[in-house]
Amino acid sequence: MKLEKQIREVGKTFKKEIAELEKLIREYDRIAIFRHIMPDFDALGTQLGLYHFIKDNFPNKEVKVFGDNHVTFTPRLFQEMDKENDGWFSKPFLSIIVDVGAKARIADPRYEKGEKIVVIDHHPHVEDIATFDITDTSKAAASELLVSVILNFKHNYVLSKEAAKNFYIALVGDSGRFQYSSTSAHTFAVASHLIASGINLNEIYGAMYLKNIDDLKVTAYILNNYKVSEKGVAYYVLSDQIQKDLKITTERGKENVNLFSNIQGINIWCSITEDTDPKEPCWRISIRSRDYVINGVAAEFGGGGHKQASGAKITTLDELPKFIAALDALVK
Ligand code: AMP
């Protein structure tokens, strides 16, 4: 398939890095792929898409995927992660980290043991982690960037249905089904290559978004209890007790945040879910917006992310009014 102008552009921008990454993938027989904690569609889809891409083209290489499994998508949508003890990491390997550029957010710290470390990410660059990185914040998803990188490799490779399916799930997830403002001609060019591999879109959307009757109870609770601030910041709070009553996890609670995405008068919307993990008890916040840049406020409240999709946290609900006031202050 001929490469579109937008994909060739990525090839030009990252010419040196793409050539180096291809060389490293060909050179190393042992490759470990990492991504961020509390993984979402993009983190897991990009990680596993790359896993299949390498295995399909180099069946003899030992390729591992590391990090926590997803509470609901594994194994329904994504295969289990590998479990290796420290011995595996003591022999030479290549580390590839996708969809994260902050050390503390990488799901397994043993990425550090890689002889060479490469980061492929679409979040704002926070710190140097890698031998070199390919970071482009204009891309809607990490998979969008990675697929473009792969398409620009010098040799010809197979893009199998399994690899394409994972990359496509990642792309759809982080572009908000091609609705977020980060969606571009490049996003669709990448989607077109993935669809050309023969993936079944109906099957993919069903697996990603099909809900059950119990999910409706969660939606009902949220619609009965959300609040909207003076400046149109909508938010809902799910305490640990409520999550137990509704039989949902913290992750599941946040997945409802986009209930408020297309409502006139709502400018920014957030989910606030209590996480009782003894290592770090807190209230996790997912923030989304249509027009306003929210990652500055997310950074002020222990988080970060993209202009219109960020995460943050507060220790107690006493901090909530201050957090909502900070978002209110963004709205003109
Ligand atoms: P979430 O609301 O958790 O789905 O996060 C939305 C986006 O913000 C995702 O792309 C996350 O990777 C990113 N994000 C969430 N928390 C943080 C953080 N503490 N630092 C940097 N990025 C974050």
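Residues numbered from 1 in each chain as written. Predicted model: local features only at pLDDT ≥ 70, side-chain atom pairs only at ≥ 80, totals over all residues. Heavy atoms only, no water.

1. Observations regarding the site of the ligand
- Every one of the 14 residues lining the ligand counts as a neighbour, but R105, H123, K254, S286 and R288 are closest to it.
- Measuring from an oxygen atom of the ligand, one finds a side-chain N or O atom of S286 at 2.6 Å.
- Backbone polar atom of G304 to a nitrogen atom of the ligand: 3.3 Å apart, as the coordinates give it.
- Within the complex, the protein chains bury 81% of what would otherwise be the 480 Å² of accessible surface of the ligand.
- Among the secondary structure elements, those contributing two or more residues to the shell around the ligand are β9 (282-289), β10 (304-305) and β11 (309-314). (Near = heavy atom within 4 Å. Polar contact = N/O pair within 3.5 Å; in protein donor to acceptor, adjacent residues only side chain to side chain. Areas by Shrake-Rupley, 256 points an atom, 1.4 Å probe, with all protein chains shown as cover. Helix = DSSP H or I, 4+ residues; strand = E, 2+ residues; numbered from the N terminus.)

2. Points about the sheet that holds strand β8 (residues 268-275)
- What the 6 strands build is an open sheet, ordered β6-β7-β8-β9-β11-β10; its pairing is mixed. Each of the sheet's edge strands pairs with one partner strand only, and the pair in question is β6 (227-228) and β10.
- Relative to strand β7 (residues 233-238), β6 is paired through 2 bridges, and the arrangement is antiparallel. Within β7, the residue paired with K227 across the bridge is Y235.
- Sheet contacts for helix α12 (residues 320-328): β7, β8, β9 and β11; angle to β7, the most-contacted strand, approximately 155°. (Pairing = 2+ DSSP bridges. Contact = heavy atoms within 4.5 Å. Axes fitted to C-alpha atoms, helices over the stretch in contact; angles between N-to-C directions.)

3. Some remarks on the packing of aromatic side chains
- As enumerated under the stated definition, the model contains 20 aromatic pairs in all.
- Ring geometry for F66 against W88: centres 5.8 Å apart, planes inclined by 65°, an arrangement best described as edge-to-face. One end of the pair, F66, is in the loop between β2 (62-65) and β3 (94-98); the other, W88, is in the loop between β2 and β3, with 22 residues separating them in the sequence.
- Aromatic side chains W88 and F93 sit 5.2 Å apart centroid to centroid with 55° between the ring planes, which places their arrangement in the tilted category. Each of the two residues, W88 as well as F93, counts as buried.
- Pairwise contacts between aromatic rings join F34, F66, W88, F89, F93 and Y111 into one cluster.
- A cation over an aromatic ring shows up here: R30 above the ring of W88, its NZ or CZ 4.1 Å from the ring centre. (Phe/Tyr/Trp six-rings, centres within 6.5 Å; stacked < 30°, edge-to-face > 60°. Buried < 20%, exposed > 50% of the residue type's maximum accessible area, 1.4 Å probe, protein only. Lys NZ or Arg CZ within 6 Å of the ring centre and 35° of its normal.)

4. Quick word on the packing of helix α3 (residues 41-57) against helix α5 (residues 161-174)
- At their nearest, the axes of α3 and α5 sit 7 Å apart, and the two run at 160° to each other. By the criterion of interaxial angle, the relationship of α3 to α5 is roughly antiparallel. You can see that α3 and α5 cross each other, and the crossing is left-handed. Note on element contacts: α5 touches α3 through E162, A163, N166, F167, I169, A170, G173 and D174, opposite F41, D42, G45, T46, L48, G49, L50, H52, F53 and D56.
- Its residues assigned to classes, the contact of α3 with α5 comprises 8 nonpolar, 6 polar and 4 charged. (Parallel < 35°, antiparallel > 145°, perpendicular 65-115°, else oblique. Left-handed = near helix turned anticlockwise from the far one by under 90°. Nonpolar A, V, L, I, M, F, W, Y, C, P; charged D, E, K, R; others polar.)

5. Quick notes on the pattern of salt bridges
- Under the definition given, this model contains 19 salt bridges.
- In this structure, E255 engages R252 in a salt bridge whose closest nitrogen and oxygen atoms are separated by 3.1 Å.
- The residue R284 makes a salt bridge to D275 at a minimum N-O spacing of 2.7 Å.
- By sharing partners, the salt bridges in this structure join D275, E280, R284 and K313 into a single network. (Salt bridge = Lys/Arg side-chain N within 4 Å of Asp/Glu carboxyl O.)

6. A closer look at the domain arrangement of the chain
- Partitioning the chain into structural domains gives domain 1 (5-208) and domain 2 (214-328).
- A separation of 27 Å is found between the C-alpha centroids of domain 1 and domain 2.
- Each partner contributes to the interface: domain 1 provides 13 residues, whereas domain 2 provides 12 residues.
- Contact with domain 2 buries area across many residues of domain 1, yet M38, V71 and Y180 alone supply 44% of it, more than any other trio.
- Summed over the shared surface of domain 1 and domain 2, the result is 0 salt bridges.
- At the junction of domain 1 and domain 2, the tally comes to 3 residue pairs in polar contact (both at pLDDT 80 or more).
- Along the lines of polarity and charge, the residues of the side of domain 1 that touches domain 2 split into 6 nonpolar, 6 polar and 1 charged. (Domains from an automatic or database assignment. Buried area = accessible area lost by both parts, 1.4 Å probe.)

7. Description of the pairing of β9
- Taken across its 8 residues, β9 has 8 buried, putting it largely inside the fold.
- The alternating pattern of β9 places C282, R284, S286 and R288 and W283, I285, I287 and S289 on opposite faces, both of which are buried.
- Bridge count between β8 and β9: 8 bridges; the pairing is antiparallel. Each bridged residue has a counterpart across the sheet, and for S271 the counterpart in β9 is S286.
- The antiparallel hairpin formed by β8 and β9 contains 6 residues in its connecting segment.
- Sheet analysis places β9 next to β11, joined by 6 bridges and oriented antiparallel. Paired with R284 across the bridge in β11 is K313.

8. With respect to unusual backbone geometry
- For the bond from T74 to P75, the omega torsion is 0°, close enough to zero to count as cis.
- In this structure, R177 is a non-glycine residue whose phi angle is positive, near 55°.
- Here R177 lies in the loop between α5 and α6 (185-196).
- Even without being glycine, F178 reaches a positive phi, approximately 65°.
- On the secondary structure map, F178 appears in the loop between α5 and α6.

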